[in-house]
Amino acid sequence: MELYAKDFGDSKNFSEAFLEAVSKLNSGDVFSFENTEYHFFKDYSQQREIHMSNTDSLRNPNKYFAMILENLEGITIDGNGATFVIHGDICALGVLNCKNITLKNFTIKYFSPSVIEMKVDKIEKKSAIFTLPENTFFDADGKTVEFYEKSPFSDRVYWKYKNDENSYNQVVHIGSNVFRVKNDKGVFHNVKSVSALTHSEIKITYSSKPKLIEGAVYAITQNKNRNTSGVFVNESENIKAVNLNVNYLQGFGWLSQMCADLSFEGCNFAPDKNHVVSSFADLIHVSSCKGKVDIKKCNFEHPHDDAINIHGVFLRFKEKLDSKSAVFEFVHAQQGGYSAFHEGNKVKFYYRDSLEAILGEYTVKQAIDYIDGKSVSLTFEEELPENIEATYDGHSNIVIENVSYCPDVEISDCRFEAIPTRGILCTTSGKVRIFDNSFSHIFMAHIYISNDANEWYESGPVRDMEIYSNNFFKDFDEEYAKSEAPVILIEPITLGGKIKAAVHRNIKIFSNNFENKKSYPVVAEGVENIGIYSNVFKGKAKIKFKHYTTQNSRG
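Just so it is clear, the model here is predicted, and its values are computed rather than measured.

Engineer: How would you explain the sheet that holds strand β12 (residues 144–150) if you had to name every residue and give the values?
Structural biologist: Taken in spatial order, the three strands make up an open sheet running β11-β12-β13, and their pairing is antiparallel. Looking at the sheet topology across the chains shown, the edges are occupied by β11 (137–141) and β13 (157–162). Sheet twist, expressed as the average angle between the axes of neighbouring strands with direction ignored, equals 20°. Both β11 and β12 contribute to a ladder of five bridges, which runs antiparallel.

Below, the structure is given as structure tokens:
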């Protein structure tokens with residue numbers, strides 16, 4: 001059956017209408033929109049206490065969702081060209097515990113993105129004049145600018161912050177050149193006075209002539225507090241995104257967590273014509289998923305972090321309870337709060353100082369989560385490893401990975417441009433194929449293969465990866481900032497910082513076109529059986545092999 005949005009409410013405030021329509025959906029149904037704008041407001045959004053990986057979720061347990069699909073199967077959301085306009089710092093869409101969902105033919109944009117874009121229009125002596133996009137709201141008072149978004153229905157403030165008070169850094173956009181700068185080189189350093197010239201212009205006078213770049217856009221975000229993700233897919237299976245435009249994502253990005261079988265086809269992650277920023281942080285982020293992740297014919301540009309990041313999660317050993325049971329903990333501040341293990345899942349143990357695996361797989365018999373304590377008690381069918389309590393330099397030396405959630409990955413026919421960090425991060429022991437993609441104006445590595453037991457705890461030893469028929473253009477303009485990152489970087493991160501043995505295996509890099517100027521095309525550390533052949537280089541052709549890296553016969 002096909003249900004029509006026009007039968008449920010006014011597109012100018014569609015939050016409650018969406019909830020009513022979804023309550024009537026059954027397996028096989030299509031929910032169809034019209035080619036117009038549908039507005040969703042934080043005032044009428046749905047709340048859930050739910051946790052999201054790689055965000056500051058434990059500080060923000062209560063999430064707001066403009067739209068939620070929950071406990072549904074076999075549903076298609078067809079936008080027919082519709083634009084979903086989100087008002088407030090909320091998650092645009094949640095897909096929770098669903099199967100066989102298709103999302104197609106719509107645009108996600110935010111009415112007033114919380115990343116503030118300040119274009120340097122003119123520098124005169126010690127002053128600079130900035131212009132801001134439409135629907136950027138602010139009050140200027142002396143030395144301070146307070147940015148905010150308010151409800152049109154009340155005086156409720158959706159979000160607010162002053163200057164760069166909640167920011168680690170700023171991101172500079174000069175055409176396709178995008179890079180980070182510290183706040184002491186940004187807009188609000190050394191400020192003497194601030195005044196509003198119009199509703200979209202700000203004048204800042206500094207104690208000395210500002211070293212800003214005329215014509216550049218300085219973007220300021222609250223990246224010290226990723227309060228949500230822009231789209232959240234959790235514990236769901238066979239979720240398809242087809243022909244979507246994503247103009248902006250609040251808080252983090254399109255996050256899929258503990259899911260199976262995800263696909264993105266023909267999706268465009270890019271800002272609208274009035275903005276230069278497409279996401280508060282990452283664009284597509286896949287954490288602890290299984291089955292296959294298939295991303296093809298998509299466009300990625302102008303996020304404030306990575307375009308694609310696919311990884312598992314390491315939990316660190318904390319306490320032995322008995323011969324088959326132990327407590328493990330999420331370590332990074334932006335991890336935890338969700339169930340990372342289910343009964344019957346397979347687990348592998350690794351040494352943090354070498355990332356070498358302890359032989360064998362262990363089967364989860366029982367998992368008890370301690371959400372507030374960022375930990376889980378696991379009971380296995382098998383006896384724990386004898387050296388489970390091993391330490392290195394006074395620290396626990398054992399981490400575990402849920403190897404039941406290590407997907408196969410295919411990324412093809414995609415375009416990556418104007419990214420201040422990395423194009424693709426991918427660490428999984430599944431089959432990985434990255435081919436027929438184009439990369440340009442990426443400040444850090446175009447492809448980064450890590451496996452990290454000491455900083456982000458993003459897991460995944462690679463076992464079968466091919467990178468081929470891609471075009472890599474290391475064409476960042478060093479007039480603005482110098483980028484020395486290699487095009488492809490393979491760099492495991494261990495406790496102690498040293499590689500003691502091969503971590504990754506069976507990586508092939510072939511038939512690619514590298515235009516990399518002075519940067520290394522490939523830097524590889526800790527890889528057994530790497531093959532690099534039949535590539536074309538314009539610029540430095542030397543491959544840098546570091547500790548415990550061996551080539552195969554075709555290298």
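Engineer: Can you lay out the pairing of strand β9 (residues 116–124) for me, pointing to particular residues and giving the numbers?
Structural biologist: As judged from the four bridges shared by β9 and strand β18 (residues 217–220), these two strands associate in the antiparallel manner. When the sheet's bridge partners are listed, Met-118 is paired in β18 with Tyr-218. Alignment of β9 against strand β10 (residues 127–131), held across five bridges, turns out to be antiparallel. The partner of Val-120 across the bridge, within β10, is Phe-130. Between β9 and β10, which pair antiparallel in sequence order, lie two residues; one of them, Lys-125, sits at a positive phi of approximately 55°.

Engineer: I'd like a rundown of the pattern of salt bridges, residues and numbers included.
Structural biologist: Any two side chains of opposite charge can pair, on the condition that their charged atoms come close. Under the defined criterion, the tally for this structure stands at 17 salt bridges. With its nearest N and O atoms 2.6 Å apart, the salt bridge here joins Glu-70 to Arg-48. One end of the pair, Glu-70, is in strand β5 (residues 62–70); the other, Arg-48, is in strand β4 (residues 46–49), and 22 residues separate them in sequence. Glu-70 gets classed as partly exposed once you look at its relative accessible area, which sits at 31%. Between Arg-433 and Glu-466 there is a salt bridge; the shortest N-O distance is 3.4 Å. Note that Arg-433 is positioned in strand β39 (residues 431–435) and Glu-466 in strand β43 (residues 464–468), a separation of 33 residues in sequence. Here the salt bridges share partners, and the residues they tie into one network are Arg-180, Arg-226 and Asp-305.

Engineer: Please give an account of the state of the cysteines that cites residues and values.
Structural biologist: Applying the stated criterion across every chain yields a total of zero disulfides. No disulfide involves Cys-406; its sulfur sits 11 Å from that of Cys-289, the nearest cysteine. There is no disulfide at Cys-414, and the cysteine sulfur nearest it, in Cys-298, is 4.8 Å away.

Engineer: For unusual backbone geometry, give the residues involved together with the corresponding values.
Structural biologist: Its identity is not glycine, yet Asn-238 carries a phi of approximately 55°, on the positive side. Looking at Asn-238, the relative accessible area reads 25%, which means it is partly exposed. A positive phi angle, near 60°, is found at Asn-506, a position not held by glycine. Looking at where Asn-506 falls in the secondary structure, it is placed in strand β46 (residues 504–510).

Engineer: Break down the environment of Val-181 for me, with residues and values.
Structural biologist: Mapped onto the secondary structure, Val-181 falls in strand β15 (residues 177–182). Under the relative-accessibility criterion, Val-181 is labelled buried at 14%. The spacing of Val-181 and Gln-170 is eleven residues in sequence and 5.4 Å in space, taken between C-alpha atoms. Among all residues touching Val-181, those that are not within four sequence positions of it are Asn-169, Gln-170 and Val-172.

Engineer: Which residues make up helix α1 (residues 15–23), and what values do they have?
Structural biologist: Listed in full, the buried residues belonging to α1 are Ser-15, Ala-17, Phe-18, Ala-21 and Val-22. What you see down the axis of α1 is that its buried residues fit within an arc of 160°, all on one side. Opposite the buried face of α1, by more than 90 degrees, sit the exposed residues Glu-16 and Ser-23. Next to the buried residues of α1 lie β1 (2–4), β2 (30–32), β3 (37–41) and β5.

Engineer: Provide a residue-level description of the sheet that holds β10, including the pertinent values.
Structural biologist: Taken together, seven strands build an open sheet; the order of strands is β15-β14-β18-β9-β10-β17-β16 and the sheet is antiparallel. Two strands lie at the open edges of the sheet, namely β15 and β16 (191–198), each paired on one side alone. Going from strand to strand, the sheet's axes swing by 30° on average, the running direction of each strand aside.

Engineer: Provide a residue-level description of the packing of aromatic side chains, including the pertinent values.
Structural biologist: Tallied over the entire structure, the rule returns 39 aromatic pairs. Ring geometry for Tyr-110 versus Tyr-248: centroids 5.2 Å apart, planes at 80°, classification edge-to-face. Of this pair, Tyr-110 sits in strand β8 (residues 99–110) while Tyr-248 sits in the loop between β21 (245–246) and β22 (254–257), placing them 138 residues apart in sequence. As far as burial versus exposure is concerned, Tyr-110 and Tyr-248 are alike and both buried. Taking 5.3 Å as the distance between ring centres and 50° as the angle between the ring planes, the aromatic pair formed by Phe-330 and Tyr-338 counts as tilted. We note that Phe-330, like Tyr-338, is buried. Through a chain of ring-to-ring contacts, three or more aromatic side chains come together here, namely Phe-8, Phe-14, Phe-18, Phe-31, Phe-33, Tyr-38, Phe-40, Phe-84 and Phe-106.

Rules behind the numbers
- Residues numbered from 1 in each chain as written.
- Predicted model: local features only at pLDDT ≥ 70, side-chain atom pairs only at ≥ 80, totals over all residues.
- Heavy atoms only, no water.
- Pairing = 2+ DSSP bridges.
- Helix = DSSP H or I, 4+ residues; strand = E, 2+ residues; numbered from the N terminus.
- Axes fitted to C-alpha atoms, helices over the stretch in contact; angles between N-to-C directions.
- Salt bridge = Lys/Arg side-chain N within 4 Å of Asp/Glu carboxyl O.
- Buried < 20%, exposed > 50% of the residue type's maximum accessible area, 1.4 Å probe, protein only.
- Disulfide = S-S within 2.5 Å.
- Contact = heavy atoms within 4.5 Å.
- Arc of directions from axis to C-beta.
- Phe/Tyr/Trp six-rings, centres within 6.5 Å; stacked < 30°, edge-to-face > 60°.

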